[in-house]
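Residue strings, one per chain:
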Amino acid sequence: MMTDTFSGYAGAHLELIAKAEAAGRAIPPLWPLSSSVAVNPFLGQTEQTLPQVAVLLDRVAGTSVTMLRDWYQAKIVDGTISDADLVAALAQFPEAATDIAALKTATSANTEAPVALPTVADLAAEVSGIDWPGIVEERFGVWAAGFFDTGQALWQNKPGRRAFDAWRDFASRDLTAEIAGLAGFGALVASTPAQTRNALVAASDALGLSAEASETYFHQLLLGLGGWSQVARYRLWQAELAGGTDVTTTDVLVIQLVWEQALYAQYATEIEAKWAEVRAAHASPVAPTQGQLIDAALQAAAEFAGQRALAETLNAPGEATSEGRPALQATFCIDVRSEVFRRSLESVDPGIQTLGFAGFFGLTASHQGFASDVEEKRLPVLLNHGVTSKTGTASDTTADQTARFAARAGRAWGRFKLAAVSSFAFVEATGPIYVGKLLRDALGMDPAKTPDKRAPVLDESFGLADRVGAAIGILNAMSLTENFAPLVLLFGHGANVVNNPHASALHCGACGGYTGEVNARLLAGILNDRDVRAGLSENGIMIPDDTLFVGGLHDTTTDAVTIYDGDFAGHGHQSHLNTANGWLTSAGKLARTERALRLPRAANGADVSRRSRDWAETRPEWALAGCKAFIAAPRARTKGKGLEGRAFLHDYNWQKDDGFGVLELILTAPVVVASWISLQYYGSVVAPKVFGAGNKLLHNVTGGIGVVEGNGGALRGGLPWQSVHDGEGYAHDPLRLSVCVEAPAEAITDIFKKHANVRALFDNRWLHLFTLDEDGKMSERYNGDLNWVPVARADADVTEDIAA
Amino acid sequence: MLLNALPLLAPLMLVAAAFAPRFMQGVDVRKGAMFAEMASLGTIAVAVLSAIVLATVGNGDSFLIGLFGVGLSVSLDVVSVVMLLLVTFIGWVVVRYARTYLDGEARQDTFTFWLLATLSAVLLLVQSGNVVQFVGAWIATSMCLHKLLLFYPERVAAQRAAHKKFVMARIGDVAVIGAAILLASSYGTTQISAILAQAEQGTGGGIALAAAALIALAAILKSAQFPTHGWLTEVMEAPTPVSALLHAGVVNAGGFALIRFADVMLLSPLVLALLVMIGGFTALFAGLVMLTQPTVKASLAWSTIAQMGFMILQCGLALFPLALLHIVAHSLYKAHAFLSAGGAVERVVAIRKPGPVAVPNMSAVTRAFVVALAIYGIVYAVLGLGFDFAGKSPQAVALGAILIFGVAYLLAQGFADEAPQALTQRTAAYAATVTVSYLMLQRASEWLTAGTLPATPAAGALEWALILLALISFGLVALAQATLPLWSYHPAAQGLRVHLSNGLYINAISDRLMGGWKRTSSNKGAAQ
């Protein structure tokens, strides 16, 4: 952990340092692709509204944060956005236009593409004709790819060094800048203060920066690094979770500043005046333009329209749920991909009940796979791990050793393959074998890698009392405390893809970008434990003796499921399991057929499975594309309603939630995670250049942690273009998520009073919030500032407005 | 002979499939891509049939479709058939891959068209029966590939890389045109087999020597040899299948030219010596740079440069059958490596799973080299009894020794003090398998090409000097590689790493000279 001191700086300089650190927090973190999760790209801006963020990102990134006008126009023309939606939107942004006619007219003309304020590099490029921004980006990329490399290169940089130190060593030796025409760059780098903060202050002084101008300027420099600054921000995130701090965001900012300083030193006479203007522009307050207000209003209208459609879906008559003891309970992750499968499964037999719960099943596990030293954090990234687990028991020691030897020999072979001189021997001796490999992969015959069959085992340190406590908390949070079926399946989920750098992004986000079966199996183990059940019954949760919990894995790419009943040898539930397997197979077929309609080049369910093995497939599944709602209510409210795999479904029964502790948990954890997912899609659609991962066809994995497009340059976080677009149209409408909760509005208001950061998400409309009534219909809308308006009345108002 | 013209069907099929969507009703982009795959499957069938013809009828040229030695003709022999099999197979894999990969891409039809065009140009090149066709196909390959490299014309980095490649390729074109003219005027024919037959007799004089030099120059440019290699490390700016095609197909053209005109090349020991030095240096230099590359595709690109260097070295040592083996083996490996580059994330994670790497110390490395050479000796002796290894040239033996230095690295990892016995045994088994496999493949390629490719001439003083130089330099680098963890974090080594990771600034210099970072109208405002 690295920290810096504040002592010895003058007031103005202290302000600059503070601005530099704040700029680091304005950037969203980026998880490495080995275990990646969706991140809200506006994480640093949730205290601001959309128009405010529009101005900010226009200035610092040259991007818009809404769609082009014609996108809204098309929706108005085809009736998706109604006049009522426009009226409601205007009520929210009264300054946007005088009336809805003006708003409609505004959709005919696309506004000019936003242009960011120029950096010194941009100004230098203008006067010199040399593409300095390109050079800086390329040079930073070369250094950063080496610095953040986790094992791609055999000859690594010296590890454990601070970013700025490592860069100074690199840049003072690197001759590229001087060859390109920046005289004395190496010497300048060598003469910068070794301490990051001193270098920051020196560079800022050289550039004539005031604290006021620095705020958005620093933000711009960091955003210009794309994913590299986000990786730095990730380090800070992890350090803070562990109770520490990290300085890498400031380090990478100062690296950018030193480039700016060097370019300014060379071109000052030509760009001085312009640079003064830019500084003044940075220092000016951010205020939305008319155009940005119109954009925001149109976006609001589109969201109203989406909510209207959602309300219609929810208003449709549901299916009756059968009373009595279900034959099977199957719990799935709240992930929208579960919705299709749950609906299919329920349709197979009325005795089946499905439930939705965050896919880590309440167990924050740090897990070591079989024969592996890697600690996989299989838990939401907002949390620290609470339990540790491991695949394999003491009796597996020999197998563990053998597997490790095989893996190490494989690793030695891998190094042989890639090392100088030995790679020639490798090619000449084994090249012809690749005929077979090419054939196998071209024909998609590489079998899927399935998770370990061996059961994960919880560490003994998590004792009986802990397990009972966890079981109570988890069952309550699942609203599953009575009427247990004889067989309760707990399904984690994971994708099943090949040759896909973004594979982990398709896995379970609640499990930190890993597949979810480990947590599900761990929970099943706890709940089957006789002692735990005894403890549960003392606390009023009676699990019948004939109830068996079994963990499983829902493969979201192929909708196949695996059930790990081998974890509980001699369980005596074989007939239940056989029946369940039959149902699950039928449900899988239904779900695949439904999903085939959305996937390109999939005529039927069989194609869906085949595509998952295709090494050239860029769209093996749609993941969470299209997500638009989060519903926390008993399943009875939504059962049989066509939610099209676009809703997160969390089982929640407020009548049983004393003190609304579970509601608080839902609003502060799963809802926040869902907002990250929804907003990642939003950002990747509306601002693909800034917040999207670019074109999969050009992806080049760097350092084992991320992708760049083509040769290098900026790391790209977010979603690839192919994940949000099918070539003809968007697979995701950029509408911010509607959260629907069946609970009293006052209870929610009380929770907001305790959690300002969650409230900000709703107040600034990064999320929308509705309460549901006992029929699953929208009842009240959260209108910001702890105010609620009835949904029906809001519609009536609109009608009156139109009439007037 | 009519049958010998069979391979011409292969490029014809691809061209037909390329133009089908333009002239047929109802052929949309997806159908066009399907036609492309069908046609590329058809070319495999043509290549297999050609192999059968060769096996039954033997070497021979087809008639010429054209006049005065200018036109299309096929030289059917082991070299062209092996290349046909290789290119059609990889072509099919790449076309099939692109069919899915490019789906939904706005200009997929354009991509498919130029992909097929490039492939048919390569197919025409490898079957060339006359130098005019050779030159035409050579240039067409590069021109068609250029269209693929600029598939995203708006990408500034793509323009920069393609421009570098374009300049190098045009110099290469001039060299290859010059070589063709010199060959035709020197030997009075454009027919390649006739030229080779005469060259084999040692005729041709100074003009033929000049032709050999020009062919060498063209090969160096085409196969990205130092210092003309820069473009190859930057052309990942096009969709992945283009990289696969380039690295597994097009870049081989340099080596192919040397092998095709082997008899001519043998006329000039001096040119061959130059190839040994350039190829050998490139192999070592690029191999070291590769170690420092943190992105998967850049690492693969440097690997290609190194492998091409090694192949050119083999040509320089007049080990043409081995160079052909190297082209085939490397192409298959590299096509797979590029197309499966998306798995890099999982591969890097897998490295960390089984715990820390056991680092061999100096004595373990020394033991490894001794044992590796011993394995080589034993395998050589044992196999030699059955497979007539006694007649091998010192060049081939030395080359085997170089490869054994590589095997030593594998052993060294198992000999590290911390390495458990099980690991030692496994790496030793791998090492023995690799050695046997290599020697068998080497023997097989010599057997297959006997009579078609010239035998390695007896080593003179120059050759012995080169052999020694190669042995020493490759041995030293292999030693440095095996001991890398012992010195790689030293400040001096880290400093060297900076320069190596930048490829010794060849690209930076050529960017400066060619204005690679000049702002053009298309990249203005693209900043940030």
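Rules used throughout
- Residues numbered from 1 in each chain as written.
- Chains lettered and ligands numbered in written order.
- Predicted model: local features only at pLDDT ≥ 70, side-chain atom pairs only at ≥ 80, totals over all residues.
- Heavy atoms only, no water.
- Helix = DSSP H or I, 4+ residues; strand = E, 2+ residues; numbered from the N terminus.
- Rg over C-alpha atoms; globule rule 2.2 N^0.38 Å.
- Buried < 20%, exposed > 50% of the residue type's maximum accessible area, 1.4 Å probe, protein only.
- Contact = heavy atoms within 4.5 Å.
- Salt bridge = Lys/Arg side-chain N within 4 Å of Asp/Glu carboxyl O.
- Pairing = 2+ DSSP bridges.
- Buried area = accessible area lost by both parts, 1.4 Å probe.
- Polar contact = N/O pair within 3.5 Å; in protein donor to acceptor, adjacent residues only side chain to side chain.
- Nonpolar A, V, L, I, M, F, W, Y, C, P; charged D, E, K, R; others polar.
- Phe/Tyr/Trp six-rings, centres within 6.5 Å; stacked < 30°, edge-to-face > 60°.
- Lys NZ or Arg CZ within 6 Å of the ring centre and 35° of its normal.
- Patch = residues over 30% accessible without salt bridge, like charges linked within 9 Å, V, L, I, M, F, W, Y side chains within 5 Å.
- Areas by Shrake-Rupley, 256 points an atom, 1.4 Å probe, with all protein chains shown as cover.
- Core = buried A, V, L, I, M, F, W, Y, C linked by side-chain atoms within 4.5 Å.

**A look at the overall build of chain A**
Each helix and strand in chain A was counted, giving 32 helices and 18 strands. For chain A, whose C-alpha radius of gyration is 28 Å, the value lies close to the compact-globule estimate of 28 Å for 804 residues. For chain A, the residues scored as buried account for 62% of the 804 residues in total. Once local pairs closer than 6 in sequence are excluded, the contacts in chain A between residues at least 24 apart make up 73%.

**Topic: the overall build of chain B**
Per the secondary structure count, chain B includes 22 helices and 4 strands. Relative to a compact globule of 528 residues, whose C-alpha radius of gyration would be 24 Å, chain B shows 23 Å and is just as compact. Each of the three principal axes of chain B carries a C-alpha extent, and together these read 70 × 65 × 40 Å. Looking at the 528 residues of chain B, the share that counts as buried comes to 63%.

**Quick notes on the pattern of salt bridges**
Pairing is possible between side chains of opposite charge, provided their charged atoms come close. If you walk through the whole model with that rule in mind, you get 50 salt bridges over all chains. Here Glu664(A) ties to Lys754(A) by a salt bridge, and the two come within 2.9 Å at their closest N and O atoms. Here Glu664(A) is found in helix H26 (residues 661-668), whereas its partner Lys754(A) is found in helix H30 (residues 745-754), with 90 residues between them in sequence. Relative accessible area serves as the criterion here: at 19%, Glu664(A) is assigned to the buried category. In this structure Lys754(A) comes out as exposed when scored by relative accessible area, which is 56%. The shortest N-O distance in the salt bridge between Arg170(B) and Asp173(B) comes to 2.6 Å. A residue pair is termed a helical-turn pair when its members lie 3 or 4 positions apart in one helix, as Arg170(B) and Asp173(B) do in helix H6 (residues 156-187) at 3 residues.

**A closer look at the sheet that holds strand E14 (residues 715-716) of chain A**
All names here are of chain A. One open sheet holds the 3 strands; their spatial order is E12-E13-E14, and the pairing between them is antiparallel. In this open sheet, the two edge strands, each paired with only one partner strand, are strand E12 (699-702) and E14. Relative to strand E13 (residues 706-709), E12 runs antiparallel, the two sharing 4 bridges. Within E13, the position partnered with valine 701 by the bridge is valine 707.

**Brief notes about the interface of chain B and chain A**
With 117 residues of chain B at the interface, the matching set in chain A holds 108 residues. At the boundary of chain B with chain A, total buried surface from both sides reaches about 9600 Å², with 64% on carbon and sulfur atoms. Across the contact surface, chain B and chain A share 2 salt bridges. Taken together, chain B and chain A are joined by 46 residue pairs in polar contact (both at pLDDT 80 or more). A breakdown of the residues in the side of chain B that touches chain A according to their chemical character gives 69 nonpolar, 31 polar and 17 charged.

**Concerning the side chain of Glu37(B)**
Topologically, Glu37(B) is positioned in helix H2 (residues 29-57). Contact partners of Glu37(B), with chain neighbours within four places excluded, come to Trp92(B), Val95(B), Arg96(B) and Arg99(B).

**Describing the packing of aromatic side chains**
Going through the model one piece at a time under the given rule, you end up with 58 aromatic pairs over all chains. Seen from their ring centres, Phe111(B) and Phe151(B) are 5.1 Å apart, and the 80 degrees between their planes marks the pair as edge-to-face. Residue Phe111(B) is located in helix H4 (residues 108-126), and its partner Phe151(B) is located in the loop between helix H5 (131-149) and H6; the two are separated by 40 residues in the primary sequence. No difference in accessibility class separates Phe111(B) from Phe151(B), as the two residues are buried. A connected cluster of aromatic rings, assembled from ring pairs, spans Trp413(A), Phe416(A), Phe426(A), Tyr434(A), Tyr333(B) and Tyr430(B). Over the ring of Tyr682(A) we find Arg736(A), and its NZ or CZ is 5.9 Å from the ring centre. Positioned over the ring face of Phe166(B) is Arg170(B), at 4.6 Å from the centre of the ring.

**Observations concerning a nonpolar patch on the surface**
Residue and element names in this part refer to chain A. Together, Val435, Leu439, Leu443 and Met445 give the surface a local cluster of nonpolar side chains, amounting to about 320 Å² of exposed area. Here leucine 443 lies in the loop between helix H19 (434-442) and strand E6 (456-458). We classify leucine 443 as partly exposed; its relative accessible area is 41%.

**Section: the nonpolar core**
Generally speaking, nonpolar side chains in soluble globular proteins are found buried as a group. Within the largest apolar cluster, 202 residues are counted, with the highest numbers of intra-cluster contacts made by Phe134(B), Leu183(B), Ile259(B), Phe261(B), Met265(B), Phe310(B) and Phe474(B). If one sorts the elements of this core by residue count, helix H3 (residues 78-101) of chain B sits on top with 17 residues.

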